[in-house]
Number of protein chains: 2
Amino acid sequence: MQCLIIAAGKGHRLRSKGDSKPIIPIFGIPLIERVIRCAQEGGVDDFFVVTGYQGERVRVFLHHLADRLGIRITPIVNEDWEKENGLSVLKARDCLREPFLLLMADHLFDPSIVRKLIELPLADGEIALGVDGNRSNPLIDLEDVTRVKTEGGKIRDIGKNLKDYNGFDTGLFVCTPAIFDALERCEKETGDTSLSGAVRGLASSGRANAVDINGHFWIDVDDPEAFRRAENALLDHLRGKTHDGPVARFLNRPLSIRISRQLVNYSITPNQISLISFLFSMLAAGLFSLGGYPALFWGGVLAQFASVIDGCDGEVARLKFQTSDYGKWLDAVLDRYADAFLLFGLTWHAYVDRTEGLVLFVGFLAIIGSFLLSYTADKYDHLMGRQIRQGIGLRLGRDIRVFIIFLGAVLHLPFWTLLVIAVTMNLETIRRLVICRDHG
Amino acid sequence: MQCLIIAAGKGHRLRSKGDSKPIIPIFGIPLIERVIRCAQEGGVDDFFVVTGYQGERVRVFLHHLADRLGIRITPIVNEDWEKENGLSVLKARDCLREPFLLLMADHLFDPSIVRKLIELPLADGEIALGVDGNRSNPLIDLEDVTRVKTEGGKIRDIGKNLKDYNGFDTGLFVCTPAIFDALERCEKETGDTSLSGAVRGLASSGRANAVDINGHFWIDVDDPEAFRRAENALLDHLRGKTHDGPVARFLNRPLSIRISRQLVNYSITPNQISLISFLFSMLAAGLFSLGGYPALFWGGVLAQFASVIDGCDGEVARLKFQTSDYGKWLDAVLDRYADAFLLFGLTWHAYVDRTEGLVLFVGFLAIIGSFLLSYTADKYDHLMGRQIRQGIGLRLGRDIRVFIIFLGAVLHLPFWTLLVIAVTMNLETIRRLVICRDHG
């Protein structure tokens, strides 16, 4: 499906953030790039963008973006960008002969909404608008939003000053070319050149559908306040998407999100962050092996800090559309090395304190148990599917493992730390073998 | 698709192996169970079996088999089992109204042939026969086989005494119910009640198709000589299907196949074999840690022997239709434990000889490197697909790792063995990270 994006307005209320609204970056990624990337994730790869104010700058950016993403972006010029947004839509009339998505450059959204709109069966001569029926959605600026009255899946009325309404205009449409006729008719009959005017016209003949998008993320980034809300919403999104263990959830993630928020402003890549976290772990292992409580203490603190940083690679990747299978894999492999070096450092520390073969053996069991737990987690997911995992109460993931090492180092109990890890990790591995035998 | 299996004959030439031919076991699995299992793998789950000689015994066996496999097996009785095999097919006339597979209880085959037959588009009134065009196929008994003359995908003539022929009758058919009419007509017109006679009749009107199955395994198990050939073919099959490294291929596999050939006669399960191999490895690790060259030597020999046995679990599983995802996973997890214990035993041995921290560190690197290699192999397959693996010359699999340990122990070089493993395994892991980055 083709996609038309309106990026012509001046956006004067956001001028504190930048002069050309579509290319104002939010966490390092310009607004219009976010819109295009999310539409792309939703299944679109042929874009038309109506430019206006500072059009040349926007068009240069889009030209490079098309190259970078390997998609088609056709710019369309609207000299009348100071007038209503309906005129911008009309400029695309000659390019679009089939049903198309219609998005706004300053409306961010979750790709699931685009998928919902694309899948909608749309009759000739009709359009559909994503409508948010959640009247207490905290991301909405009630002063500015366009209100919608719907009934049985049809839009009955639309406008900023509606008194009787039950939803909000998300600015996310799927249209047949009938929208162009509706815009022209509306202008001729009422002099109104706004998109809402045309939608009202179609609604009066029952040809404007409402698509319920309650619960899906969207936001109109219109002023600095909305910009701040959009930033927080994107950061909040980072919590929900991961299968975090308890330490990650309540300790690491709140800290790493704060750090990631800063990191996105630099050109550091997620894989570089993975490497930095790994180096911190190696340094912590080195401190462990030095001997003496101060080194042990600071090694523990550094190990926990590395574990926090280890969350940032994924966060930055998601905020900047840089997730990759390779990145996840590299992170997993480096984590295994980091775990092993931390435990070997701790073993050496404990062995220097107490030169007994038992210490080495327990250290060995801790290393092998940690490894087997990661090894079985992976095979487990792959072979046994998700349903069984729920049955296993505690995941005993890396967040817990490093936290135990941190606690053990700070409390000056290296041998007992190794013993706890050796026993729990190996028992849990054996338990997985038994559970999978019974369910496989 | 339904499947008809002819299991009525006496099979007197195989009486040295057992009195009721369909239930004569080959590597512990009765012939007819092999036929049913392979058809099942090919996509069939509704079976009709024509029984005759010792029919009651065969029917009791089939009843239990249906329960065990969760499939439907309907027995059909043919009192005239001493006459030609066409009569057995005719007995199924009332059960089969749609196209069906027609197999012989004493013809073993690869499931790929069944898939080929099922996928064939078959016109009303036609049949198709799997024809082997490889005239030098060593599994064929030229004295006994039925010969076929084909032309442009059609059978022109069929019979044991054909002079002009270009293929062999595999006894694997897909038929429409037209086969029943052809059998009756053939009997009425010529008095011939053989299946070949009916096929000749259909061939004369161009309704008998030939499906080329060159290169796929099949064998008619008619006499002790063919029985022996079938055994060898099944064993040979064990070599081809695995991704063996060089040590596995040239040393372990030839030995393990000999052992598996014996093991299939006992009720030991593949998972039990995995556990026994694991226990041998643990014993070898124990011997390593005892200290002294004799213990080191015998530990090395035992480790290599455990590696040979480690091949038997998969072989027995394949010979007895007992492969399972859980079995493969258990084997992999136990292998990781076994590797780690062997290397820790060796490290301890080397450390007692030479009490230096360096020995412990090198031993640690050997353990972590071996582990990471297995860990990356798995993720590697999963994420990067098969195409890249070809690029990595040496797989450095477990067969090589244990062989290095064996050599090092026998040559009394524990520290150098650890050093070689530490360097090669970690370098290969790093190389994989680089290759995947470039290809991912």
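Rules behind the numbers
- Residues numbered from 1 in each chain as written.
- Chains lettered and ligands numbered in written order.
- Predicted model: local features only at pLDDT ≥ 70, side-chain atom pairs only at ≥ 80, totals over all residues.
- Contact = placed C-beta atoms within 7 Å.
- Helix = DSSP H or I, 4+ residues; strand = E, 2+ residues; numbered from the N terminus.
- Nonpolar A, V, L, I, M, F, W, Y, C, P; charged D, E, K, R; others polar.
- pLDDT = per-residue confidence, 0-100.
- Domains from an automatic or database assignment.
- Buried ≥ 20, exposed ≤ 12 C-beta atoms within 10 Å, placed from the backbone.
- Pairing = 2+ DSSP bridges.
- Expected span 1.5 Å × (residues − 1).
- Bend = angle between axes of the 7 residues up to and from the residue.
- Axes fitted to C-alpha atoms, helices over the stretch in contact; angles between N-to-C directions.
- Parallel < 35°, antiparallel > 145°, perpendicular 65-115°, else oblique.
- Left-handed = near helix turned anticlockwise from the far one by under 90°.
- Least-squares fit on C-alpha atoms with pLDDT ≥ 70 in both.

Asker: What exactly am I supposed to notice about the interface of chain B and chain A here?
Answerer: Often, the extent of an interface is quoted as the loss of accessible area on bringing the components together. In this complex, chain B contributes 26 residues to the contact, which on the side of chain A involves 26 residues. When contributions to the side of chain B that touches chain A are tallied by element, the ones reaching two or more residues are helix H11 (325–353), helix H12 (357–384) and helix H14 (414–439) of chain B. Top element by residues in the side of chain B that touches chain A is H12 of chain B. It accounts for 11 residues. For the side of chain B that touches chain A, the per-class residue count stands at 17 nonpolar, 4 polar and 5 charged.

Asker: I'm lost on the confidence of the model for chain A in this one. Help?
Answerer: One rule of thumb: low pLDDT means the predicted coordinates there are not for detailed reading. All names here are of chain A. Residue-level pLDDT values for chain A average 92, and 95% of them are 70 or greater. With pLDDT under 50 throughout, residues 388–393 is counted as low confidence; its partners more than four residues away or in other chains account for 5 contacts. For this predicted complex, the interface score ipTM comes out at 0.87, alongside a pTM of 0.88.

Asker: How should I be thinking about the domain arrangement of chain A in this particular structure?
Answerer: All names here are of chain A. Entries for chain A in the domain assignment read domain 1 (2–226) and domain 2 (242–439). Just the C-alpha atoms count here: the centres of domain 1 and domain 2 sit 45 Å apart. Tallied by class, residues from the side of domain 1 that touches domain 2 come to 2 nonpolar, 1 polar and 1 charged.

Asker: What's the story with the pairing of strand E1 (residues 2–7) of chain B in this structure? I'm lost.
Answerer: All names here are of chain B. Within E1, 5 of the 6 residues are buried, which leaves it mostly tucked inside the rest of the structure. Relative to strand E4 (residues 46–51), E1 runs parallel, the two being bridged by 6 bridges. When the bridges of E4 are listed, Cys3 appears paired with Phe47. Both E1 and strand E6 (residues 100–104) contribute to a ladder of 5 bridges, which runs parallel. Bridged to Leu4 within E6 is Leu102.

Asker: It is not clear to me how helix H8 (residues 246–263) of chain B should be interpreted in this structure. Could you clarify?
Answerer: An α-helix turns once every 3.6 residues. As a result, residues three or four positions apart point the same way. In this model H8 of chain B runs 24 Å from its N-terminal to its C-terminal C-alpha over 18 residues, within 8% of the 26 Å that 1.5 Å per residue would give. Residue Asn252 of chain B marks the point of greatest curvature in H8 of chain B, where the axis turns by about 50 degrees; the proline Pro254 of chain B follows within four residues.

Asker: Teacher, can you tell me more about the packing of helix H8 (residues 246–263) of chain A against helix H10 (residues 293–319) of chain A here?
Answerer: The description of two helices packed together rests on the angle between their axes and the distance between the axes. Residue and element names in this part refer to chain A. Between H8 and H10, whose axes approach to 8 Å, the crossing angle comes to 55 degrees. By the angle class used here, H8 and H10 are oblique. You can see that H8 and H10 cross each other, and the crossing is right-handed. The residues of H10 that touch H8, namely those facing Ala248, Asn252, Arg253, Leu255, Ser256, Ile257, Ile259, Ser260 and Leu263, are Ser307, Val308, Ile309, Gly311, Cys312, Glu315, Val316 and Leu319. Partitioned by chemical class, the residues of the contact of H8 with H10 number 10 nonpolar, 5 polar and 2 charged.

Asker: Which parts of the structure should I look at to understand the relation of the copies chain B and chain A?
Answerer: Comparison of the two chain copies shows a relationship of rotation about an axis with a shift along it. Laying chain B over chain A is done by rotating through 179 degrees and shifting 0.2 Å along the axis; what remains is an RMSD of 0.2 Å. What the rotation and shift describe, once combined, is the action of a two-fold rotation axis. It is Tyr375 of chain B whose C-alpha, among those of chain B, lies nearest the rotation axis, at 3.3 Å. Taken together, the interface assignments show that 100% of the residues at the interface of chain B recur at the interface of chain A, consistent with an identical surface on both copies.

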